[in-house]
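Next come the chains, spelled out residue by residue.
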Amino acid sequence: MSNDRLRQLIAQEAARLMYFRHEKEYHRAKLRAARRICGRQPREAELPSNREIRDYIATFARMYEGERRSERLDDMRREALRVMRVLQAFRPKLVGSVLTGHVRQGSDIDLHVFSDSVEAVCHALEQEGIYPEVEEKVVRKQGELLRFTHIHFETRYPFELTVYPAKMVGHVFRSSITGRPMERASIAQVAALLGEKITESPPDDGLQEDQPAEHKLDRFQVYYSLLVPLEHVHENVAYHPEGDLLYHSLQVFSLARDKLPYDEEFLLAALLHDVGKAIDPTNHVEAGLEALEGYITERTAWLIAHHMQAQQLHTGGVGQRTRRRLQMSENFEELLLLAECDKAGRVPGAQVPTLEEALEYIRSLAEQFGE
C-alpha cells in the first residue's frame, strides 16, 4: 500500500476517533489510528498532518449532522460574542473551530484573553453569573516545557479560555494544525462575521447608551478589571518608590478627590490614567484609551491622553506650540491638577481607600447626578 493511501486511511480513522470523542488530541488520535490500520508502530512519512485529520472531521460532521451543524455554528459564534463582550477589558480573541467553521458535536468555544491577573478575568465572569474553574497545564513542545493557564466554564456551550500575559496581546501565535499564523477574531470581527452593524465611533457621551442591553457591560466592572492587574506592575523605584501601580493609582485618586470631590470625569482620569501599563508598558496611554473606549467620556479620555504632557509642562519638557495647544482646552486647569496629583501620589505607606471603595465613591456620584 502506498504511503499516500496509508496516510488517507490513518487520517480517516483518526478523524473518526476525534469526532466521536474517543480521543481529544490530534497526536494521540493519529498514533492510535496508525496502530489500528498498520498493526505496528508507524513511520513518520505514513502519519497524516493535523490539517488532513481536521478536514475529515468536517466531513464526518456534515455527514452526521447536516443542516444542524450550520445552525449550531452560528449560535456558537453568537454565544462567543456575548462572552467576549463580558471580557472586553482583556482584549479577547476568538480562535479555533468556532472561528474557522470546523465545529463538530461536542466542540467547545476557544478564546484567548490577555491579563496579568487570572483573578480579574474570573471576577468579570462571576459578575455575569458565570462560575469558572482554573486549570494550570504543563505541555512539552519540541523539548520545551510550556505552562498554560486555562479557564473552563459552561454557558449554553462549553468554553475554554487561555490566559496570556497582557504584554502578549500583539504576539503572533501559530496554529498547530496549519503551522501558519493562527486565525483570530476580535469582538468587532466576530460581530461583522455575524452580520451585525458596527458603528464607526461611540456616542457623544462615550458611554454606549445605544448598545443593546444584553451586550452592555457595567462600566465599573470594566474599570475594576483593568485596575486589578496594576497590583502586579512595579516601576523604577526612583520614580515610583511607593510600590505597585494600583497603590499609586489609589493615591492619585485620593488626592484628586480632595481637590475636586464632585467631578466624576476628573476622578476617573485620576484613577484610570495608568491602566495601560498592565497592557502595553511601551505605549501605556494609547493602550489604556483603547481598552477604555466606550466606557469613559471624551473629557476623561482627553485628560488621560495628555497626562504625560502635563507632567512635562511642570518640568519644561514640552515646546511652546504644545503648551499653547493644551492651554486652548477648557480642561487645561484640571489637566495641570491631574499632573500635580500624579506627581504627589508616590508616597510609601500613604493611607488610601480600597479599590472597591474608590469605585463605589465614583458610582455614587454617577447615581447622585442622574446616570
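Scroll up to find the structure this text is about.
Quick look at the pattern of salt bridges
Then comes step 1: Tallied over the entire structure, the rule returns 15 salt bridges.
Then comes step 2: The salt bridge partner of Asp-263 is Arg-299, with a shortest N-O separation of 2.8 Å. Linking Asp-263 in the loop between α9 (245–259) and α10 (264–272) with Arg-299 in helix α12 (residues 298–305), this pair joins segments that are 36 residues apart in sequence.
Then comes step 3: Classification of Asp-263 as buried rests on a relative accessible area of 17%.
Then comes step 4: Residue classification places Arg-299 among the buried positions, given a relative accessible area of 18%.
Then comes step 5: Close ionic contact of Arg-299 with Glu-265 constitutes a salt bridge, the shortest N to O distance being 2.9 Å. With a gap of 34 residues between them, Arg-299 in helix α12 and Glu-265 in helix α10 connect regions that are remote in the sequence.
Then comes step 6: Via salt bridges that share partners, Asp-75, Glu-79, Arg-82 and Arg-156 belong to a single interconnected network.

Let's talk about the pairing of strand β2 (residues 109–114)
Then comes step 1: By the criterion of burial, β2 is predominantly enclosed, with 6 of the 6 residues buried.
Then comes step 2: Burial of the side chains of β2 extends over both faces: Ile-109, Leu-111 and Val-113 are buried on one face and Asp-110, His-112 and Phe-114 on the other.
Then comes step 3: Here β2 pairs with strand β5 (residues 158–164) via 6 bridges, running parallel. Its bridge partner lying in β5, His-112 is registered against Thr-162.

Quick notes on the rules
- Residues numbered from 1 in each chain as written.
- Predicted model: local features only at pLDDT ≥ 70, side-chain atom pairs only at ≥ 80, totals over all residues.
- Heavy atoms only, no water.
- Salt bridge = Lys/Arg side-chain N within 4 Å of Asp/Glu carboxyl O.
- Helix = DSSP H or I, 4+ residues; strand = E, 2+ residues; numbered from the N terminus.
- Buried < 20%, exposed > 50% of the residue type's maximum accessible area, 1.4 Å probe, protein only.
- Pairing = 2+ DSSP bridges.

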